[in-house]
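# Chains, contacts and geometry: an overview
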Amino acid sequence: MIARRLRAALACVALPLSLSACAAPAQLGRVAVDHNRMVAHSTDETTLLNIVRAVHRFPLHFTALSTVNGNVSLSVSSELSIGLGDVFDPSEAVPAAGVSTNPSFQAAVLASEKFQRGIQAPLKQDLIAYFLEEGWRDAQLMAATVERIDVEDAAGSLIGIIDNDGKAGGPFEQVLCAYNLVRSVPSRPIALASLDRLVSTLAAQEDAASAPDLDAIKGLIALLNTEGVVIDAERNLTYDRPSVSVALVRRANSRCMGVDAPSLAPDAVLVPRFRSTMGVIFFLGEYARLGLGRQEGDRPYGISNCYSDICSAEYLTTRPLISVREGSGRALIATEFAGQRFYISEDEFDPTGPARQTTARSMQAISLVQQLVNLQKSSDELPTAINVRSIN
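Residues numbered from 1 in each chain as written. Predicted model: local features only at pLDDT ≥ 70, side-chain atom pairs only at ≥ 80, totals over all residues. Heavy atoms only, no water.

## Focus: the side chain of aspartate 150
Within the secondary structure, aspartate 150 sits in strand β3 (residues 146–152). Judged by relative accessible area, aspartate 150 falls into the buried class, the value being 6%. Discounting residues that sit within four places of it in the chain, aspartate 150 has contacts with Leu158, Gly160, Ile161, Val269, Leu270, Val271 and Arg273. (Helix = DSSP H or I, 4+ residues; strand = E, 2+ residues; numbered from the N terminus. Buried < 20%, exposed > 50% of the residue type's maximum accessible area, 1.4 Å probe, protein only. Contact = heavy atoms within 4.5 Å.)

This is the structure we're talking about:
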């Protein structure tokens, strides 16, 4: 009799254990999500911290979580009081399960020569074209990534420069409102000359040729050191333009209320020159500095809500590229610098009503910086999965 009751009791214990084991994947999934949130929070805050450093014109510092590892222990138990009476109630068995984690993290200092060269190199046009194809608003990309605009005549001679200083009322704001940044059509490689012919000509005419002719020949051969110049299978020099590029195209109408197009010559061509990743961060800092009122009399320009050829008046309003606030307040991201708290306001999350057209797009600016920095990281600097150990 007693043995039969004990077997029944053991069965009641085994059932809760098996049910707890079934719940293990969900518990482990929650641990994985929590670790993902931890990495996201850390990355968001360090990105904002570098922008705040740029606000105060301090040096930037880059780190990343190189590894995230540790143990996850699952424990299950069942408590059951067994009497020796005639009545046995299996529902009195109480199952229990618990999850404990012991994570460890290692932060990598991103200061290698390769990384520094990468974040200080100007952004390539094919990368900007890729962002446009992925759905990024061209006005946001123009504001954040374009350092200046070279104004050239029909012959390609430089006749003016428009700097992007982030200030409202300047010529760059006029370009931002009157032009679209678009992906241009790929072009074919340009044939330059035969390499063998150039070398033989230089050797044969070194004494007879005039100095200007020799300089022209030597200059052409020096193009071998230029990015995009290649030698094809027939030993011809060709200039292979980027497979995709971007261009500024005049709009039929301004996309900003009260902002006219810049006064330029009819044949003027606008050529965008792009910042480096580090330059983007420093610019966002200067832009946020204007928004904080650190430069009296100046304010930052806004980004238009109009992304089509013709927009109604409500979409001709503008919103800040990024808005960093100082002090207390509910925050999406917050950090501290020099004893002060800086944050991205929670008001930017899913705004409704009038705020829908005026709230800053700070989180998109944060996302852009993170993507640009991530492009310079090597694979061994990326977070890895945690180790999981299950104990019954």
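## Considering the environment of tyrosine 315
Along the chain, tyrosine 315 turns up in the loop between β11 (303–304) and β12 (318–319). Each C-alpha atom, one on tyrosine 315 and one on serine 304, is 7.3 Å from the other, the two residues being 11 residues apart in sequence.

## A closer look at the packing of aromatic side chains
Scanning all chains against the criterion turns up seven aromatic pairs. Between the aromatic rings of phenylalanine 58 and phenylalanine 337, the centroid separation amounts to 5.1 Å while the plane-to-plane angle is 85°, which identifies the pairing as edge-to-face. On the criterion of sequence distance, the pair formed by phenylalanine 58 in the loop between α2 (24–55) and β1 (63–79) and phenylalanine 337 in strand β14 (residues 331–337) is long-range, its members being 279 residues apart. The class for phenylalanine 337 is buried, based on a relative accessible area of 13%. Seen from their ring centres, phenylalanine 62 and phenylalanine 115 are 5.6 Å apart, and the 65° between their planes marks the pair as edge-to-face. One end of the pair, phenylalanine 62, is in the loop between α2 and β1; the other, phenylalanine 115, is in helix α3 (residues 113–120), with 53 residues separating them in the sequence. Its relative accessible area of 1% is what places phenylalanine 115 among the buried residues. Each member of the aromatic cluster is reached from another via a ring pair, and the members are Phe172, Phe283, Tyr287 and Tyr301. The ring of tyrosine 307 has arginine 137 lying over it, and the distance from NZ or CZ to the ring centre is 4.1 Å. The ring centre of tyrosine 343 lies 4.9 Å from the NZ or CZ of arginine 341, which sits over that ring. (Phe/Tyr/Trp six-rings, centres within 6.5 Å; stacked < 30°, edge-to-face > 60°. Lys NZ or Arg CZ within 6 Å of the ring centre and 35° of its normal.)

## Quick notes on a nonpolar patch on the surface
A contiguous nonpolar surface patch, about 280 Å² in accessible area, is contributed by Leu332, Phe349 and Met363. Using a relative accessible area of 33% as the deciding quantity, one classes leucine 332 as partly exposed. (Patch = residues over 30% accessible without salt bridge, like charges linked within 9 Å, V, L, I, M, F, W, Y side chains within 5 Å. Areas by Shrake-Rupley, 256 points an atom, 1.4 Å probe, with all protein chains shown as cover. Salt bridge = Lys/Arg side-chain N within 4 Å of Asp/Glu carboxyl O.)

## Section: helix α9 (residues 277–291)
Between its first and last C-alpha atoms α9 spans 21 Å; for 15 residues at 1.5 Å apiece the expected length is 21 Å, and the two agree. At the exit of α9 stands glycine 293, carrying a positive phi of roughly 75°. (Expected span 1.5 Å × (residues − 1).)

## Brief notes about the packing of helix α5 (residues 138–145) against helix α6 (residues 171–178)
When two helices pack together, their arrangement is captured by the angle between the axes and the distance separating the axes. It is the contact of α5 with α6, at a shortest axis distance of 10 Å, that shows an interaxial angle of 155°. Between α5 and α6, the crossing angle belongs to the class labelled roughly antiparallel. Here α5 runs over α6; the crossing is right-handed. Counting all contacts with α5, which are made through Ala139, Met142 and Ala143, the residues of α6 involved are Phe172, Val175 and Leu176. Taken together, the residues that form the contact of α5 with α6 break down as six nonpolar, no polar and no charged. (Axes fitted to C-alpha atoms, helices over the stretch in contact; angles between N-to-C directions. Parallel < 35°, antiparallel > 145°, perpendicular 65-115°, else oblique. Left-handed = near helix turned anticlockwise from the far one by under 90°. Nonpolar A, V, L, I, M, F, W, Y, C, P; charged D, E, K, R; others polar.)

## Overview of the sheet that holds strand β13 (residues 325–326)
One open sheet accounts for three strands, arranged β13-β15-β14; its pairing is antiparallel. Sheet topology places β13 and β14 at the edges, where each strand pairs with a single neighbour. In this sheet, strand β15 (residues 340–345) lies alongside β14 in antiparallel orientation, the contact comprising six bridges. Within β15, the position partnered with phenylalanine 337 by the bridge is glutamine 340. (Pairing = 2+ DSSP bridges.)

## With respect to the state of the cysteines
On inspection of all chains with the given rule, the structure shows two disulfides. The disulfide partner of cysteine 177 is cysteine 256, and the gap between their sulfur atoms is 2.0 Å. Torsion about the S-S bond of the cysteine 177 and cysteine 256 cystine: about -90°, corresponding to left-handed handedness. In this pair, cysteine 177 sits in helix α6 while cysteine 256 sits in the loop between β9 (245–250) and β10 (269–274), placing the two residues 79 residues apart along the sequence. Here cysteine 306 is linked by a disulfide to cysteine 311, with a sulfur-sulfur distance of 1.9 Å. Its S-S torsion of approximately 80° makes the covalent link between cysteine 306 and cysteine 311 right-handed. Since its relative accessible area comes to 1%, cysteine 306 is described here as buried. (Disulfide = S-S within 2.5 Å.)

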